[in-house]
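Tertiary structure, described
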Amino acid sequence: MLKQIFSVRKILSIFLLLSIAYAVYCIYYKVEYWGFHFAPRQNADVWSIEAHISFDPTGEPIKVSLTTPRDNDAFKILEENVIAEGYRIRKNKASSRLILSSEAKSEPQNIYYKIQLFDNIDTRGKVRASAPEEPQAPVFDEQKMAAAKQLLQLAQKQEGDTVSQIIRLLNEEPLQPAVQSYLPVKLNQQIMVEIITDLLAIKKIPSRTARGFRLQESKKSLTPDLMIEAYIDGLWKIYDIKTGKKGLPDNFILFQRGGQSLIDVEGGENSVIRFSVLKSITSSMKLAGKRAKISDQEQLYEYSIYNLPLAQQNTLKWLSIFPLAILIIVLMRNVVGLQTMGTFTPMLLAMSLVKTGFVAGMLCFAIIMTLGLSIRFVMSKFNLLLVPRISAVVIFVILIMQSLTIVGYKFDFNIAQSAVFFPIIIMAWIIERASITWEEDGALNAGREIFFSMIVAIATYFVISNEYIRHIMFAFNELNLVILFLVMLLGTYTGYRLMELKRFRPLVKK
Amino acid sequence: MFKWLKSFACPKELAAAGVLGMNRRNFDVISKYNKRCLYPLVDDKVKTKELANKVGINTPGLIGKIEYQHEAKNILDIIKGRSEFVIKPAQGSGGKGVLVIKDYHDEIFVTASGRELSYNEVYQHISNILSGLYSLGGKYDTAIIEELVHFSNIFKDYSYQGVPDVRVIVYKGFPAMAMTRLPTKASGGRANLHQGAIGVGLDISTGKALHGVCRDVPISVQPDTGADLMKIEVPFWREHLIIGALAYEMTGLGYLGADIVLDANRGPMMLELNARPGLAIQIANGIGLKNRLQEIDNTYPSGLTAEQRVDFVLQKRAK
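By the element assignment, Arg505(A) lies in the segment after α18 (498-503). The contacts of Arg505(A), once residues within four sequence positions are left out, are Ser7(B), Phe8(B) and Ala9(B).

Below, the discussion takes up the interface of chain B and chain A. Every contact between the two is made by 31 residues of chain B and, on the other side, 25 residues of chain A. When residues of the side of chain B that touches chain A are traced back to their parent elements, those giving at least two are α2 (11-16), α3 (22-33), α7 (119-130) and α9 (280-285) of chain B. In the side of chain B that touches chain A, the residues fall into 11 nonpolar, 13 polar and seven charged.

Here we come to the nonpolar core. Val170(B), Val200(B), Ala247(B), Leu256(B), Ala258(B), Ile260(B) and Met270(B) are the most contacted members of the largest nonpolar core, which has 70 residues in total. Here this core takes nine residues from helix α8 (residues 237-251) of chain B, the largest share from any one element.

All names here are of chain A. A sheet is described by the order of its strands in space; here four strands give the open sequence β4-β5-β2-β12, paired in antiparallel fashion. With one partner strand each, in any of the chains shown, β4 (88-92) and β12 (263-266) form the two edges of the open sheet. Put simply, the sheet's adjacent strands are angled 15° from each other on average, direction ignored. Pairing geometry for β4 and strand β5 (residues 97-102), over five bridges, is antiparallel. Bridging from a neighbouring strand, Asn-92 pairs with Arg-97 of β5.

All names here are of chain A. A positive phi angle, close to 65°, is found at Lys-204, a residue other than glycine. Along the chain, Lys-204 falls in the loop between α6 (189-202) and β8 (207-214). On the neighbour-count criterion, Lys-204 (10 C-beta atoms within 10 Å) is exposed.

Looking at chain B, pLDDT values average 89 and 98% of them are 70 or higher. Interface predicted TM-score (ipTM) for the complex: 0.83; the corresponding pTM is 0.66.

Further remarks concern α3(B). In this model, α3(B) (12 residues) spans 15 Å end to end at C-alpha, consistent with the 16 Å of a helix rising 1.5 Å per residue. Listed in full, the buried residues belonging to α3(B) are Asn23(B), Arg25(B) and Asp28(B). Against α10 (322-336) of chain A lie the buried residues of α3(B).

The rules behind these values
- Residues numbered from 1 in each chain as written.
- Chains lettered and ligands numbered in written order.
- Predicted model: local features only at pLDDT ≥ 70, side-chain atom pairs only at ≥ 80, totals over all residues.
- Helix = DSSP H or I, 4+ residues; strand = E, 2+ residues; numbered from the N terminus.
- Contact = placed C-beta atoms within 7 Å.
- Nonpolar A, V, L, I, M, F, W, Y, C, P; charged D, E, K, R; others polar.
- Core = buried A, V, L, I, M, F, W, Y, C linked by C-beta atoms within 7 Å.
- Buried ≥ 20, exposed ≤ 12 C-beta atoms within 10 Å, placed from the backbone.
- Pairing = 2+ DSSP bridges.
- Axes fitted to C-alpha atoms, helices over the stretch in contact; angles between N-to-C directions.
- pLDDT = per-residue confidence, 0-100.
- Expected span 1.5 Å × (residues − 1).

Shown next as structure tokens:
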């Protein structure tokens, strides 16, 4: 008998060691050849930007010139694609413009320019550049010049450096009378930039326009934002023309620097350019695919998770954290010895906590449990049959969730709205079990079971909500194999549970 | 902080005391000696009763059983002419769903705790049993109605209401450890230790009290009646052990717990069997179970009859 256990344990240990060796090799391989990282950030944000240019040809030879983003410190260009049938494509590296030319055409034209940018978040800095020429003061009539100088005077009372001061003055709410009379009635970003440039020129500060995108997920089409760059202390510094804030906002990609136009179309009219932006966290795995292609290991990559469409990847990412959560449950039950309600209930609770956020989730759970238990106690007086009774509890839970959400929305209390993320059936069973345990074994036992379940759920939550752990479990999914054998090996653990050390303490001979 | 840590034992100390832990019980004992296919024999009390009667173990008489919801109304016919009985789920565990009726007349049911129930409430209770509220895994269940045990006066001072019983752990057919479980006010008249009943370890060779425990804390006086627990001596001790030993023959389970009650008129009777008896019996006895089991593994003979095994244990332990 003893021999038998030993061999089972031995076999499982060997498998565990093999799986560890395999995982280590795979991790090495993925890091080395596919460029995976352990930290989620570096592997993360990949933006794809698509510019859609459309115009009607006039019957002359066509020449389209489009500004493209430069590879810079903040963003690396992973991939650049032009879809333009029948065009000769040329790239002017120096000015970073894409030039497309073709014979005269008759139908309306559509050109797509697509790039993928990799957010190189760590190296974002200021751009050092050689000094530009001193700007020439704008040609204003005397009256306008006086007004402009008055504005510069006023600006000094604002916060920040000279550039910020000017921008803030122009965007003040409400505008001062002098500013209001200076600004034209019709104001757009372009005009605003011109006004700021003029004012800075008076101050002899060189400046230029910058065009870029605030990269935002789920925003289908957008227009480029204008920003202004001023040359101060040997650096081009960039300013938001609305807030006067210095520096690039988060997730802002500069498409174009300097005064050139965004797009020029010769031989066409009614030209329109539309941009769309998509953030794909997991498509950074595509980057790995590209690397794999280069190093001839495509075959292997094609059969990996990272080659799947994004939606599936996201589902799998969620799934690949489960084994770790299960491991925690096994440890908590068989090694620590906590009695919980239902084996995997704490895990499911932890999963909902991830969706709701910790504080909101705990509050919601407490509210649902309190209301649910009180209703269940009233209901126990009716002596209903099991299935109708648990069904009634399910409906009550749904009603509680609905009212929490509605009340939460009404009072703009976001916490309550997270109620919908709790698994309804699981909540109903927790309430049912808690109330039966309460009636049969007393409040103490019921309270203890809920308490232990929550402890396990919270521990699980903190592990699976950790960005690093989630990333690692997905990027290096071989680790799940290690967990599998670890769990099986734990199935042969015959040592004492932590709680038993306390429970059987009286048996220790003094 | 250190004081709190001191409430934990070192695993080595427990091992030295021969304590059997939950993991080892499940892995080394239950999964080895209790075949899964044998579980239904003890999980279903109707089957257990039939088997027990075949091998000659005394059990409380079966008055009737109700299998389907539409039969629940037959309860009044089944109990006609009786004033006391017990309604319980056939597949219940841990005393859940057991309704002890002490006095019944004119459709009024008086429970052991003195509560009066109407016909509707009893009907509801039976209905709950049938719908699987008390059964393992919520399966549809059968309600059984059996004769009330008139437990011997011996335990009168030691328990508060309910039915006190004797739990014998039988390993490979040899009685290994025993305790008596005494209901208290806190346990609501039920004989389950985790509900607050008292466990008193019994000397396996004599049936005399060794050591008392309530909620994992040592105890020597019954808190409700003030009786001295250490004076307990269970009569018909050999008969108790023989029931346990026969249960092994009857079920084939290598590790089982036999719950035995002492009826004033009919002597020891088997109430139910358990294929996964708990480990609290070690605390009640103040002794670890692991060494006992190992001793049985290594030195006890095989091929004996139930009575021979009991006599072997009585002799061996008497020294």
